[in-house]
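# Structure assessment
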Amino acid sequence: PVGVGLLTGLLYGLVSGWVGFFVHVTRSVVMQRMKGHHLTSAEVNTALHFANSTAIHIVTWVGAIVVSGILGLIFGAIGGATAKGPSASQDV
């Protein structure tokens with residue numbers, strides 16, 4: 001159960017992490033999200049650089065894989081610990 005949970009979590013993280021590669025953030029999106037905050041032109045350019053950076057997309061993708069794998073490992077361990085196997089006592 002633990003291995004299956006880990007593999008399921010890794011697969012989910014692998015698939016769900018690809019979303020970031022298909023997103024392109026524009027200046028208007030940054031300004032809309034930061035409504036009420038005064039940003040300088042340099043701050044907006046920095047935000048755009050980080051939001052559209054391939055390296056940042058790869059880091060978040062790897063992070064999604066790791067976090068989903070750990071969660072799958074935890075849930076698999078809980079499921080394995082609570083499931084009754086064939087060696088469970090059948091005392092009546």
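Described in the following lines is the structure provided in the data block. On a predicted model such as this, the values are computed, not experimentally measured, just so you know.

## Let's talk about the overall build of the chain
Counting its secondary structure elements, the chain contains 4 helices and 0 strands. Counted from the first residue to the last, the chain has its helices and strands arranged as α-α-α-α. For the chain, the spread of C-alpha atoms along the principal axes amounts to about 75 × 25 × 15 Å. Looking at the chain residue by residue over its 92 residues, the buried ones come to 17%. Pairs at least 24 residues apart make up 75% of the contacts formed inside the chain by residues separated by at least 6 positions. For the chain, the computed accessible surface area is about 6900 Å², with 71% contributed by carbon and sulfur atoms.

## Concerning helix H4 (residues 54-82)
Taking 1.5 Å as the rise per residue, H4 with 29 residues should run 42 Å; its terminal C-alpha atoms sit 42 Å apart, in good agreement. Those residues of H4 that sit buried are His-57, Trp-61, Ile-65, Ser-68, Gly-69, Gly-72 and Gly-76. Tucked inside the fold, the buried residues of H4 contact helix H1 (2-16) and helix H3 (41-51). Between the side-chain oxygen at the start of H4 and the backbone nitrogen of Ala-55 there is a gap of 3.3 Å, and the oxygen is on Ser-53.

## A short note on the packing of aromatic side chains
Applying the stated criterion across every chain, the model contains 3 aromatic pairs. Aromatic side chains Trp-18 and Trp-61 sit 4.9 Å apart centroid to centroid with 50° between the ring planes, which places their arrangement in the tilted category. Separated by 43 residues along the polypeptide, Trp-18 in the loop between H1 and helix H2 (27-33) and Trp-61 in helix H4 bring together distant segments of the chain. By way of ring pairs, the aromatic residues Trp-18, Phe-21 and Trp-61 are connected into one cluster.

## Side note on the environment of Val-23
Here Val-23 shows up in the loop between H1 and H2. You can call Val-23 partly exposed: its relative accessible area is 44%. When the C-alpha atoms of Val-23 and Phe-75 are compared, they prove to be 30 Å apart, with 52 residues separating the residues in sequence. Discounting residues that sit within four places of it in the chain, Val-23 has contacts with Asn-52 and His-57.

## Some details on the side chain of Ser-68
Mapped onto the secondary structure, Ser-68 falls in helix H4. If near-sequence neighbours (up to four positions away) are discounted, Ser-68 is found in contact with Gly-9, Leu-10, Tyr-12 and Gly-13.

Rules and cut-offs
- Residues numbered from 1 in each chain as written.
- Predicted model: local features only at pLDDT ≥ 70, side-chain atom pairs only at ≥ 80, totals over all residues.
- Heavy atoms only, no water.
- Helix = DSSP H or I, 4+ residues; strand = E, 2+ residues; numbered from the N terminus.
- Buried < 20%, exposed > 50% of the residue type's maximum accessible area, 1.4 Å probe, protein only.
- Contact = heavy atoms within 4.5 Å.
- Areas by Shrake-Rupley, 256 points an atom, 1.4 Å probe, with all protein chains shown as cover.
- Expected span 1.5 Å × (residues − 1).
- Polar contact = N/O pair within 3.5 Å; in protein donor to acceptor, adjacent residues only side chain to side chain.
- Phe/Tyr/Trp six-rings, centres within 6.5 Å; stacked < 30°, edge-to-face > 60°.

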